[in-house]
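Structural overview
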Amino acid sequence: MRYMMMHKLDETLPAAFNPSPEFLARMESFMKEAGQSGILLAAEGLRPTSKDDATRITVTSGKTTVTDGPFTETKELIAGFALVDVRSHEEAVEWGRRFADIFAETIGDVEVDIRRVYESPE
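First, a word on what this report is: a plain description of the structure on this page. (Residues numbered from 1 in each chain as written. Predicted model: local features only at pLDDT ≥ 70, side-chain atom pairs only at ≥ 80, totals over all residues. Heavy atoms only, no water.)

1. Structural notes on helix 2 (residues 89–106)
- Over its 18 residues, helix 2 runs 26 Å from end to end, which matches the ideal 26 Å to within 8%, given 1.5 Å per residue.
- Buried residues in helix 2 make contact with strand 1 (2–10), helix 1 (21–37), strand 5 (76–85) and strand 6 (111–116).
- Phi turns positive one or two residues past the end of helix 2, at Gly108, with a value near 130°. (Helix = DSSP H or I, 4+ residues; strand = E, 2+ residues; numbered from the N terminus. Expected span 1.5 Å × (residues − 1). Contact = heavy atoms within 4.5 Å.)

2. So, the packing of aromatic side chains
- Following the criterion strictly, the structure yields four aromatic pairs and no others.
- When the centroid spacing of 5.8 Å and the interplanar angle of 35° are considered together, the rings of Phe30 and Phe99 count as tilted. Of this pair, Phe30 sits in helix 1 while Phe99 sits in helix 2, and the two are 69 residues apart along the sequence.
- Phe99 sits in the buried class, given a relative accessible area of 2%.
- Judged by centre distance (5.4 Å) and plane angle (80°), the ring pair of Phe99 and Phe103 falls under edge-to-face. Taken together, the positions of Phe99 and Phe103, both in helix 2 and four residues apart, correspond to about one turn of that helix. Accessibility classification places Phe99 together with Phe103 in one group, the buried group.
- By the ring-pair criterion, three or more aromatic residues cluster together here, those being Phe23, Phe30, Trp95, Phe99 and Phe103.
- Directly above the ring of Trp95 sits Arg98, whose terminal nitrogen or CZ lies 4.8 Å from the centroid. (Phe/Tyr/Trp six-rings, centres within 6.5 Å; stacked < 30°, edge-to-face > 60°. Buried < 20%, exposed > 50% of the residue type's maximum accessible area, 1.4 Å probe, protein only. Lys NZ or Arg CZ within 6 Å of the ring centre and 35° of its normal.)

3. Observations regarding the nonpolar core
- Counting residues in each nonpolar core, the largest one holds 20 residues, and the members touching the most others are Met27, Phe30, Val86, Trp95, Phe99 and Phe103.
- Listing elements by their share of this core, those giving two or more residues are strand 1, helix 1, strand 5 and helix 2.
- Leave out the neighbours within four places in its chain, and Val86 touches Met1, Tyr3, Ile39, Glu91, Ala92 and Trp95. (Core = buried A, V, L, I, M, F, W, Y, C linked by side-chain atoms within 4.5 Å.)

This is how it looks when you write it as structure tokens:
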């Protein structure tokens, strides 16, 4: 079963998009362990919306609106993800808990959503 773990961070916090060497070392260790265990399919961090390459497209009642970042009306944004292939939801939650702990212990508050990837036929 594939699950996506998406972490959200408060873009106004300096440490959120400027990780410390301690954070980078802990995340590298976690990713190596996940990779060696065979569950890690992909993982990436995202640049903050304050950079010139963030755009949001919204369609409401047939009207399309294109908004360039930063997205000041949104405090917490998806800041990165890891895609894992595990045996159960419980295993995904355990990996997700460890993933969140790295952020919580080195950056501060974090929210991690764990969502199963839709696979046909379901």
